[in-house]
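The residues making up each chain are set out below.
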Amino acid sequence: MKKLTLKVFSLILALLFVLPLIAACNGGGNGDGEESSYETQMVAGNENDPKIPGVDYGGYEFGVITQPYNEGLAYSTNYIWAESESADALESAVYRRNVAVEDKYNIKISKIETTSVLQDVRTQVMSGTTEFDLISTRCHWLATLARENLLADLLSFEWFDMSKPYWDINGLEDLKIGDKLYFTNSDFVAQELGMLLYFNKQLIADYQLTSPYEYMANNNWNLDTFGTLVKSISEDADNDGDMDEYDRYGILSEHHNARTLLYGCDIRATKNDSTGYPALTLMSDKTVSAYEKIKDILNSNASWCIDCGPSDAHGFNDKWDYMRSWFCQDMFLFHIEGVNIIAQFADMEHEFGIVPVPKYDSTQAEYTTIYPMHCSLIAIPSVCPDPDRTGRIVEDLNYYSSIIVMPTFYDQILSRKYTHDDESEANLDIIKASRVYDLGIYYDFGGIRSKITDVNSAKNNISTNYAKLKKAIEADIEDTYAKFQANANAAAQPAA
């Protein structure tokens, strides 16, 4: 096949995305103008278009390594590659995005799935040659790879413009170590917005409770009002005299939900200072007060914890999916999770709503939500033979994701397929804008996550555990930071 010149490519690309628009005007498409927006932008561009010149890379295969996707399973990574357009709107959007980038650069995008992301990345990078150009995997796995000096500094790539809205500005600020950024979030990651609260509207009506939407409208959505709602429901639904998994509760919880609720109170394990040093910020009088309130809620008889004791999957993927099926049957008022499991509620008879994790109190200025450590971010291996090529392709993948994939992910899938009210749609905007990232959680400095914030709150004295581990946490932060600085300095030295 003869290589296309850039001028011919531009004409073909314009036709590729204008023709479906013409078809839609003649009765094709979805009939509501949904597709015309991105098709117009593909031809005309918009204010966020990086306007990177196309380059012919001669059929180069651009690989993205990630863990396997399991439909319906929490924290699976999907929407990287699609074989063709299909009945699935999001897969079709991914296909169109990839075709746009593939045609612009004469490349093929491939998805490399492995059950051993850490080991495969480690082995290939240390060998000096990789079959992948981009890594999309869990936050804490990327932190491990960064510790081992196996990831490139994203700020060193000429074509990356982190001021563009398809890069997460919060990720840029929160995920740096010193002046280096080894992994971050962008619109290429169509998986997660942040941790949030699902609530059952029918139970609000049945028990004549104040809606969380009303509390939000009055700037009164906080730990106290949340706790009041949770404790309003504790019912022996099967009348067997025993409160077990077959009964009705105010919340379906998990052992680490105390951490999520602490972040809602704008309390973090660490927070970067002006030099990019992850300063220890977990403990304060506010932390102790918030944690006691959270313990009182999660350990009341109105809470059922999925993983705090033995439980069976009953034929589902796991016990988490099994218990979420009970949420669909009006057995729980609240459930804390991310949007990655929203598909499990698609066939729910009654409607659910979405709200941010509650604030500490009404004086707190903004909502805050933590980006889950098990969800994916992106990184580039330190072995990168052509940074210019990688930079061009990744920047355009992000841009085209912002105009093709994310509108579908956000508007069509979340706002229309699963949720059915304006409040949930508006709250998704709040959740995305308010998400934060915490190096303390992802790197688990000195056990700050595994031995403090993620300990079952029923068994945890946060002040005592913190006092025991504070020196180890500070030492791990200091040592980790020093190693990153040493690696950066060594990389800056001219080759001998």
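This structure is a prediction, so every number in the text was calculated from the model and none was measured.

Asks: Teacher, can you tell me more about the sheet that holds strand β15 (residues 376-379) here?
Replies: Either a parallel or an antiparallel arrangement is found when strands of a sheet pair, and the pairing is made through backbone hydrogen bonds. With mixed pairing, 4 strands are arranged side by side in an open sheet as β2-β1-β3-β15. Looking at which strands have only one partner, the edges of the open sheet turn out to be β2 (107-113) and β15. The sheet shows a mean angle of 20° between the axes of neighbouring strands, direction not considered. With 2 bridges joining them, strand β1 (residues 60-66) and strand β3 (residues 134-138) adopt parallel strand pairing. The residue of β3 that forms the bridge with Val64 is Leu134. Along the sheet, helix α5 (residues 139-147) contacts β3 and β15; its crossing angle with β3, the most-contacted strand, is approximately 125°.

Asks: Explain a negative patch on the surface to me, please; I cannot follow it from the model alone.
Replies: A contiguous patch of negative charge, built from Asp422, Glu423, Glu425 and Asp429, is present on the exposed surface. Looking at the secondary structure, you find Glu425 in helix α14 (residues 422-433). Looking at Glu425, the relative accessible area reads 32%, which means it is partly exposed.

Asks: Where do I start with the nonpolar core in this structure?
Replies: One recurring pattern in soluble globular proteins is that nonpolar side chains are buried together. Phe183, Tyr198, Trp221, Phe334 and Tyr442 are the most contacted members of the largest nonpolar core, which has 142 residues in total. It is helix α13 (residues 387-418) that contributes the most residues to this core, 12 residues altogether.

Asks: Would you explain the pairing of β3 in this entry?
Replies: Moving residue by residue along a regular strand, the side chains alternate between the two faces of the sheet. In terms of burial, β3 is largely enclosed, as 5 of its 5 residues are buried. In terms of strand pairing, β3 meets β15 through 4 bridges, oriented antiparallel. Counted as the bridge partner of Thr137 is Leu377 from β15.

Asks: Please clarify how the state of the cysteines should be interpreted in this entry.
Replies: Linking two cysteines covalently via their sulfur atoms produces the bond known as a disulfide. All told, the structure shown has 1 disulfide when counted by the stated rule. Paired by a disulfide, Cys305 and Cys308 hold their sulfur atoms 1.9 Å apart. Where Cys305 bonds to Cys308 through sulfur, the torsion about that S-S bond is close to 65°, and the disulfide is right-handed. There is no disulfide at Cys139, and the cysteine sulfur nearest it, in Cys375, is 7.0 Å away.

Asks: For this particular structure, what's the right way to read the side chain of Asn98?
Replies: Secondary-structure assignment places Asn98 in helix α3 (residues 89-105). A polar contact is formed between the side chain of Asn98 and the backbone oxygen of Ile80, at a distance of 3.0 Å. If near-sequence neighbours (up to four positions away) are discounted, Asn98 is found in contact with Ile80, Trp81, Ala82, Ile109 and Leu397.

Asks: Teacher, can you tell me more about the pattern of salt bridges here?
Replies: A side chain with one charge can pair with a side chain of the opposite charge if their charged atoms come near. On inspection of all chains with the given rule, the structure shows 22 salt bridges. Asp421 is the partner of Lys201 in a salt bridge, and the nearest nitrogen-oxygen pair spans 2.3 Å. Highlighted residues: Lys201 in helix α7 (residues 201-206) and Asp421 in the loop between α13 and α14, separated in sequence by 220 residues. With a closest N to O distance of 2.4 Å, Arg259 and Asp454 form a salt bridge.

Asks: Please explain the environment of Ser156 as it appears in this structure.
Replies: Take Ser156: it is sitting in the loop between α5 and α6 (169-174). What makes Ser156 exposed here is its relative accessible area of 53%. Once the C-alpha coordinates of Ser156 and Pro387 are considered, the two residues, 231 residues apart in sequence, prove to be 8.9 Å apart.

Thresholds, definitions, all that
- Residues numbered from 1 in each chain as written.
- Predicted model: local features only at pLDDT ≥ 70, side-chain atom pairs only at ≥ 80, totals over all residues.
- Heavy atoms only, no water.
- Pairing = 2+ DSSP bridges.
- Helix = DSSP H or I, 4+ residues; strand = E, 2+ residues; numbered from the N terminus.
- Axes fitted to C-alpha atoms, helices over the stretch in contact; angles between N-to-C directions.
- Contact = heavy atoms within 4.5 Å.
- Patch = residues over 30% accessible without salt bridge, like charges linked within 9 Å, V, L, I, M, F, W, Y side chains within 5 Å.
- Areas by Shrake-Rupley, 256 points an atom, 1.4 Å probe, with all protein chains shown as cover.
- Salt bridge = Lys/Arg side-chain N within 4 Å of Asp/Glu carboxyl O.
- Lys, Arg positive; Asp, Glu negative; His and termini not counted.
- Charge placed at Lys NZ, Arg CZ, Asp CG, Glu CD.
- Buried < 20%, exposed > 50% of the residue type's maximum accessible area, 1.4 Å probe, protein only.
- Core = buried A, V, L, I, M, F, W, Y, C linked by side-chain atoms within 4.5 Å.
- Disulfide = S-S within 2.5 Å.
- Polar contact = N/O pair within 3.5 Å; in protein donor to acceptor, adjacent residues only side chain to side chain.

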